[in-house]
Amino acid sequence: MDEVAGAIADPVRRQILVLLKDGRLAAGEIAERFAISRPAVSRHLRVLRESGLVRAELVGRQRFYSLDPEPFTGLAAWLAQFVRPSGWEHHLDALETEVYRTRRERRSGAESREEHTA
């Protein structure tokens, strides 16, 4: 998890990950989208590859990179503990509570009516 967090700490690497989420790209195609040198992009790709966030495939003389989302799961699970539920989740929880309360009241009301008629 630390390696993944370290890899995504850099804004250039985060941009590369966003580029790769829609499919694989050649290293040259990735480098063209940045105002930094190709060797610098190459170093960023190496960090992403070593962290397991991207896979590299050599096809002829070109190296293609693709996203591997699996390493994100551990980090996402850890980060989830800091996210508060949205307002909708609270509203739905309150609705669920109200539905159960109403059902319980109807059941107990029906049972007491049966006791009085028996």
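Here, every reference points to the structure presented above.
From a predicted model like this one, the values you see are computed outputs, not experimental measurements. Counting restarts for each chain, with residues numbered from 1 along the sequence as it is written. Only residues with pLDDT of at least 70 get local features here, since the model is predicted, and only at 80 or more are side-chain atom pairs given and counted; chain-wide, interface and lining totals rely on the full set of residues. Note that water and hydrogens are dropped before the side-chain values are worked out from all heavy atoms of the structure.

Bridging between strand β2 (residues 54-59) and strand β3 (residues 62-67) involves six bridges; their strand directions are antiparallel. Bridge pairing in β3 places L58 opposite R63. A strand pair is defined by DSSP finding two or more bridges across the two strands. The helix and strand labels rest on DSSP assignments: H or I over at least four residues marks a helix, E over at least two residues marks a strand, and numbering proceeds from the N terminus. Joining the antiparallel neighbours β2 and β3 is a turn of two residues, in which G60 adopts a positive phi near 65 degrees.

Most often, soluble globular proteins have nonpolar side chains that are buried together. Within the largest apolar cluster, 17 residues are counted, with the highest numbers of intra-cluster contacts made by I16, L20, I30 and L48. Where this core is concerned, the elements lending two or more residues are α1 (2-8), α2 (11-20), α3 (27-32) and α4 (38-50). Counting residues per element, this core draws most heavily on α2, which supplies four residues. If sequence neighbours within four positions are ignored, I16 has contacts with I30, F34, H44, L45 and L48. Take the buried Ala, Val, Leu, Ile, Met, Phe, Trp, Tyr and Cys residues and link them wherever side-chain atoms come within 4.5 Å; each set so joined is a nonpolar core. Relative accessibility decides the category of a residue: with a 1.4 Å probe and only protein chains considered, values under 20% of the type maximum give buried, values over 50% give exposed, and everything between is partly exposed. Throughout, a residue-residue contact means that at least one pair of heavy atoms, one from each residue, lies within 4.5 Å.

On their own, these measurements won't tell you what the molecule is for.
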